[in-house]
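Chain residues, written in single-letter form:
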Protein chains: 2
Amino acid sequence: MAAFHCIQALRFPSRTHVFFPVGEQNRYNIINKKQRGFLVFASADKKSDKEIYLKSKVETLLDSVKWDDKGLAVGIAQNVDTGAILMQGFVNRDALATTISSQKATFYSRSRSALWTKGETSKNFINVHDIYLDCDRDSIIYLGKPDGPTCHTGSETCYYTSVPDLLENKQVDGNKLALTTLYSLETTISQRKAELALPQAGKPSWTQRLLLDHDLLCLKIREEADELCRTLEDNEDQARTASEMGDVLYHAMVLMAVKGVKIEEVLEVLRKRFFKSGIEEKRSRGQAS
Amino acid sequence: MAAFHCIQALRFPSRTHVFFPVGEQNRYNIINKKQRGFLVFASADKKSDKEIYLKSKVETLLDSVKWDDKGLAVGIAQNVDTGAILMQGFVNRDALATTISSQKATFYSRSRSALWTKGETSKNFINVHDIYLDCDRDSIIYLGKPDGPTCHTGSETCYYTSVPDLLENKQVDGNKLALTTLYSLETTISQRKAELALPQAGKPSWTQRLLLDHDLLCLKIREEADELCRTLEDNEDQARTASEMGDVLYHAMVLMAVKGVKIEEVLEVLRKRFFKSGIEEKRSRGQAS
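Residues numbered from 1 in each chain as written. Chains lettered and ligands numbered in written order. Predicted model: local features only at pLDDT ≥ 70, side-chain atom pairs only at ≥ 80, totals over all residues. Heavy atoms only, no water.

If you look chain A up in an unreviewed UniProt entry, it shows as Histidine biosynthesis bifunctional protein hisIE, chloroplastic from Populus euphratica.

Structure, rendered in structure tokens:
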């Protein structure tokens, strides 16, 4: 994930911004010597050299993509923290070049025959951290962090229409997102929490008991953490470690639900701790100075 | 995520298998009364009725998809546990209908002008648990569990070519997958573990100290779990909870690296615990009986 963090967008009004690789930094006007990456936008003192360099690097990359007969490839925007697929569109040469330089997910709108940066109207940009091509080089992932809901309907992602629900003639309510395991579990725990406000039918579930009894919840979290450690200390098997880690995760997620904290926020903490981007580094140094 | 778990494929040699909704079960020959879903494949006693029913439900669904001028929509296969985008292909009416009935991710191969079930050659099927359409109904997610590496190159996913690496002329080694935060962290910890086998240059990192000193690691896990609990007990703010949960996750992931357990295995444990599918229920009952 770290690779694209390296790309810094340093904006200087009314100057041309171009790329150059880290190895080439000293040939040019270095703006951020500490940045860990390979490409930066910099103010252009040797404009023509750098523009030529940029053009050749990006053009070679763009040439390597297998564009279809309409000059398009599939572009998929994915949340870098949660893995949720936010939206899918089509990308042409200009859209990919624009995404590389602006770090905002940009597509080609087939209906309007124009470039389209997601968020240009809604301001819900997708801030791209990484870009990947598939083995055939005709499919692109923009791995990024959305500023807000991605879908024009206000939904977090565009994928909220379940085929099983359609087959069952269920109302599609826009709230049933395509969720992977961790986020399905988070949603289930949230639902149990919401049900606590309703008249109770029967005994509360185990999740509800934990949500209501914080002493029990904390007792269980400490106990499960201890059991996870004991799988190492007592040399238990891998299946036991996976199972105890599942227990730790589940109980900790119930605590997070009590506190109103999302897994995505935790992952953002971890990303910023372990994979601080050049942009963030520069910002934090700017604030400190 | 639970919705598509409901679809059961009950195979009876030389009988026709069709769908019907749960509400309609008693009209037909019910195979599994305990299944929690809305559609099952069943042996066909009233073949024509059921075939008509099936045809109409699925045809209505297929009609609702916005197929392009070639009769295709984009199909994206995503790992239900990790969220990794496994591959992207194109889907036509038959491919979607086949995926619904077989629960194996099926695409339309444009180069071969034929249906193509991922895994039909390699046996690395993608077992589909859920299917989602996007807001425009021209893009489809197959949320599933792969039997093995998805890419024909043997890579876990088809997305291992980093655009920043290409721009930097780095060797694309097929091992740098597009990873979201949790899996980037898992990879970083694995790398620190692998580096322990190499001649050491300088002081070990904190992760390496934890990997080497299991007493320290377990002390930290118990301590971080305690600190997470105290954010609830002492009514600390949400940012504190997110930060402490980040600490719990990171330290627990170091323990998992020591034990050689992957996050994906933990998520599989949680999925099976919380979202047991009809198929798995039937299998486990079959084994018990």
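Moving on from the coordinates now.
Bringing the sheet that holds strand β9 (residues 159-162) of chain B into the picture now. Here five strands make up an open sheet; going across it, the order is β4(A)-β3(A)-β8(A)-β7(A)-β9(B) and the pairing mixed. One side of each edge strand has no neighbouring strand; the edge strands of this open sheet are β4 (85-91) of chain A together with β9 of chain B. Pairs of neighbouring strands in the sheet enclose a mean axial angle of 35°, with direction left out of account. (Pairing = 2+ DSSP bridges. Helix = DSSP H or I, 4+ residues; strand = E, 2+ residues; numbered from the N terminus. Axes fitted to C-alpha atoms, helices over the stretch in contact; angles between N-to-C directions.)

The next point concerns the confidence of the model for chain A. Confidence in the prediction of chain A, expressed as mean pLDDT, is 82, and 76% of residues score 70 or more. Here the predicted complex carries an ipTM of 0.82, next to a pTM of 0.82. (pLDDT = per-residue confidence, 0-100.)

Another point: the relation of the copies chain A and chain B. Mapping chain A onto chain B calls for a rotation angle of 180° and an axial translation of 0.0 Å; the resulting RMSD is 0.0 Å. Those values place the two copies in the arrangement expected of a two-fold rotation axis. Scanning chain A for the C-alpha nearest the rotation axis identifies A:Gly83, at a separation of 2.5 Å. Comparing contact sets, 100% of the residues at the interface of chain A also lie at the interface in chain B, consistent with an isologous, same-surface contact. (Least-squares fit on C-alpha atoms with pLDDT ≥ 70 in both. Contact = heavy atoms within 4.5 Å.)

Residue and element names in this part refer to chain B. You will see that Ser-113, though not glycine, has its phi angle at about 50°, which is positive. The topology assignment puts Ser-113 in the loop between β5 (106-109) and β6 (114-117). With a relative accessible area of 51%, Ser-113 lands in the exposed category. Positive phi is not limited to glycine here, since Asn-235 has a value of about 55°. Topologically, Asn-235 is positioned in the loop between α6 (214-233) and α7 (238-259). (Buried < 20%, exposed > 50% of the residue type's maximum accessible area, 1.4 Å probe, protein only.)

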